[in-house]
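Descriptive analysis of the structure
What follows is the residue order along each chain.
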Amino acid sequence: MKIGIFTDAYEPHISGVTTSINMLKTALENEGHTVYIVTTNLAEFKFKYDKENKIIYIPGIKTGILFIRLTNTFSKKAFKIIKSWNLDIIHTQTELTMGTFSHKIAKKLNIPVIHTYHTLYEDYAHYVFKGHFTSIVKKTLIKINKRYFNKNCDELIVPTTKIKDIFQNKYAITKKINVIPTGIDTKKFALTKEIQNEVNKLKKQYNISTNDFIIGAVGRIAKEKSFDKLIKASKKLINDNKNIKLIIIGDGPELENLKKLSKELGISKNIIFTGKVLYNLIPYYYNLFNIMTSFSTTETQGLTIIEGLSASLPIICIEDDSFKSMVTYGYNGYLFKTESEFQDLVNKIIKDQKLYKEISNNAMKSIYKYSKEVFAKNVLKVYQNALKRAKNSNK
C-alpha cells in the first residue's frame, strides 16, 4: 500500500504529533508499505523535496502560535510529485493548511482520506485571543470541526474514548470514529545497562542521591498543562520529606513563571527544570524518575504517560478520561481528584516498597496494546475499510 501522510508538524520539530507519525511510519514500513510525508518547512521559507526519505516540505509563514505555519492550500509543484506517487490512501494529521491541501489532492485523484485528531483546539484558543471572546471562539471551533470532519474525511481516528464522546455528543460528527491509541516504541524505554550508565551520569549532573525520590513530569511548559498545580501540590510533600525532588522536562512560555513560583513557595532547591531535552535522550530521564505524574486535563491521549509505563514507572495522574484507559487504579498506578489525594498517594507508594515494586512490574505488563506494531495493524484495518468502501462506491 502507498500511504501519504499530510501534517503541519514534522521533524526536526519535536512534538507528540511528530512522535506519533514516526511510530506509524516505521511500523507501516516494517510491514512492507510505502509511506510519504507532506509537511510545512519549519526551518526556512523554501520548497524542498527529499526524494530519498520521501518527504515534501512546503514553505509557510510563521503565525506566532506554537509551531504553526500557514501555507498555500494548494501547491502545483507538490501536486505534480504527489501524483507520481500513485497513493492508495491519504492520512491527514492536521485540520489546518496541510489538511486543506490534502483534501484537494484527494478529490483530484479520487483517494480516500483518513484523519487522525490530535489537539483539542478549544483548550488552546487563549494563545490567539489572550482570554477574550472565549465562549464565542469555542462555539466557532465546534462549528468548524463539525463541517470539516463530516465533509472532508472518510473515517476518523481518535486516541481515546474521551475524544470520541466529544465528537459524537458535542460536535455531532456522523463519520465513523475509530478509537486507536497512538503507538510508541515501547522497548526504547526499558532499562538497559547503557541507560543505567546514563542515569548515573544524570544523577551526578543534578546532584541526586540514592535516597532521593523523584517525581517526574514531561510536557510542553504551558498553562494548559497545569504544571503550576503540580508544583503547588508538591510543596507539602517536599516540606515533609526533603528527599523528594520534582523534575520537570520540557520548554515553553510558562517556564520562567514556574521557576518564579517554585522560589516563592520556598521549594526551588527540590525542583529541577531541565528545559528542552532531545527525544533520543528522553528514555534516560524516564529511568531517572521513581514515579510519573500529570495534572493536565487537556490531553487527547498523553503519550508521555505511555512512555512512563514503558519505563516501568508507577503513574499518579489526575482523574481525566484521557488517562482512564491506560491507568488502572491500584494496578499500574493511581488517579486522583484533589491535591491532598495526590499527596497521600505519593506518600503511600514511597512508604510501601512491596507495593511500589508490584505496580512497577504491572506498568511494563500493561503497555503491549500501545506498541507501534499494534498501532500500525489497527490503522491498516481502517485504511482497508475505507478502500473497500470507496471501491464499492465507485462500482
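Here's what I pulled together on the structure shown here. Fair warning: this is a prediction, and the values are worked out from it, not measured in the lab.

Concerning the overall build of the protein chain
Helix and strand counts for the protein chain come out as 15 helices and 16 strands. For 395 residues, the compact-globule estimate of 2.2 N^0.38 gives 21 Å, and the protein chain sits close to it at 22 Å. Over its C-alpha atoms, taken along the principal directions, the protein chain stretches across nearly 70 × 45 × 40 Å. Expressed as a percentage of the 395 residues in the protein chain, the buried residues total 54%. Partitioning the contacts of the protein chain with sequence separation of at least 6, the portion at a separation of at least 24 is 69%.

Here we look at the pairing of strand β8 (residues 113–116)
Both faces of β8 are covered, namely the face carrying V113 and H115 and the face carrying I114 and T116. For strand β7 (residues 89–92) and β8, the ladder comprises three bridges, and the chain directions are parallel. Within the sheet, the bridge partner assigned to I90 lies in β8 and is V113. Tracing the backbone out of β7, into helix α3 (residues 97–109) and back to the parallel element β8 gives a crossover that is right-handed. With three bridges connecting them, β8 and strand β9 (residues 155–158) associate as parallel partners.

Examining the sheet that holds strand β11 (residues 213–218)
Across the sheet, which stays open at both edges, the six strands sit in the order β13-β12-β11-β14-β15-β16 with parallel pairing between neighbours. Single-partner strands in this sheet number two, and they are β13 (271–275) and β16 (333–336). Strand-to-strand twist across the sheet, computed as the mean angle between neighbouring axes with direction ignored, equals 20°. Against the sheet, helix α8 (residues 227–240) engages β11, β12 (244–249), β13 and β14 (291–294), with an angle of about 165° to β12.

Observations concerning the packing of α8 against helix α9 (residues 255–264)
Helix-helix packing: each pair is described by the crossing angle between the helix axes and the interaxial distance. Contact geometry for α8 and α9: axes closest at 10 Å, N-to-C directions at 15°. In terms of orientation, α8 lies roughly parallel with respect to α9. For the element pair α8 and α9, the recorded crossing hand is right-handed. Across the interface between the two elements, F227, D228, I231 and K232 from α8 touch L258, L261 and S262 from α9. Residue classes in the contact of α8 with α9 are distributed as four nonpolar, one polar and two charged.

Comments concerning the environment of K276
Here K276 lies in the loop between β13 and α10 (282–286). With a relative accessible area of 60%, K276 lands in the exposed category. Through-space distance from the C-alpha of K276 to that of Y334 is 27 Å; in sequence the pair is 58 residues apart. Those residues in contact with K276, other than ones at most four positions away along the chain, are I14, G250 and D251.

Points about the packing of aromatic side chains
Both the distance between ring centres and the angle between the ring planes are used here to describe each pair of aromatic rings. Inspection of every chain in the model, using the stated rule, returns 14 aromatic pairs. Taken together, a centroid distance of 6.3 Å and an interplanar angle of 45° make the contact between Y49 and W85 tilted. With a gap of 36 residues between them, Y49 in strand β3 (residues 48–50) and W85 in helix α2 (residues 76–85) connect regions that are remote in the sequence. For W85, a relative accessible area of 4% puts it in the buried group. Both rings, one in F74 and one in F79, keep their centres 5.6 Å apart while their planes meet at 40°; by these two values the pair is tilted. Three or more aromatic residues joined by ring pairs form one cluster here, namely F6, F74, F79 and F101. For K108, the ring lying beneath its charged end belongs to F79, and the centroid distance is 5.9 Å.

Conventions we followed
The residue count restarts for each chain, going from 1 along the sequence in the order it is written. In view of the model being predicted, local features appear only for residues whose pLDDT reaches at least 70, and side-chain atom pairs are presented and counted only at 80 or more, with totals across whole chains, interfaces and linings using the full set of residues. Side-chain descriptors were evaluated using all non-hydrogen atoms of the structure, hydrogens and water having been removed beforehand. Secondary structure elements are taken from DSSP: a helix is a run of H or I of four residues or more, a strand is a run of E of two residues or more, and numbering for both begins at the N terminus. Note that the radius of gyration is over C-alpha atoms, with the globule rule given as 2.2 Å times the number of residues to the power 0.38. Only protein chains enter the calculation, and the probe is 1.4 Å; a residue is then buried if its accessible area is under 20% of its type maximum, exposed if over 50%, and partly exposed in between. Whether two residues are in contact is decided by their heavy atoms, any of which lying within 4.5 Å being enough. One requirement defines pairing of two strands: DSSP has to find at least two bridges between them. A clockwise path from the first strand over the helix to the second, with the strands pointing away from the viewer, defines a right-handed crossover. Geometry is summarised by axes, namely lines fitted to C-alpha atoms with helices restricted to the contacting stretch, and by angles between N-to-C directions that run from 0 to 180 degrees. Our angle categories are set so that under 35 degrees counts as roughly parallel, over 145 as roughly antiparallel, 65 to 115 as roughly perpendicular, and the remainder as oblique. Handedness of each helix crossing follows the sense of rotation of the near helix against the far helix: counterclockwise by less than a right angle gives left-handed, clockwise gives right-handed. Under this grouping Gly is polar, as are all residues other than the nonpolar Ala, Val, Leu, Ile, Met, Phe, Trp, Tyr, Cys and Pro and the charged Asp, Glu, Lys and Arg. Between the rings of Phe, Tyr and Trp (Trp by its six-membered ring), a pair exists once the centres lie within 6.5 Å; its type follows the angle of the planes, with under 30 degrees stacked, over 60 edge-to-face, and the other angles tilted. In this analysis the charged atom, NZ for Lys or CZ for Arg, is taken to sit over a ring once it is within 6 Å of the ring centre and within 35 degrees of the ring normal.

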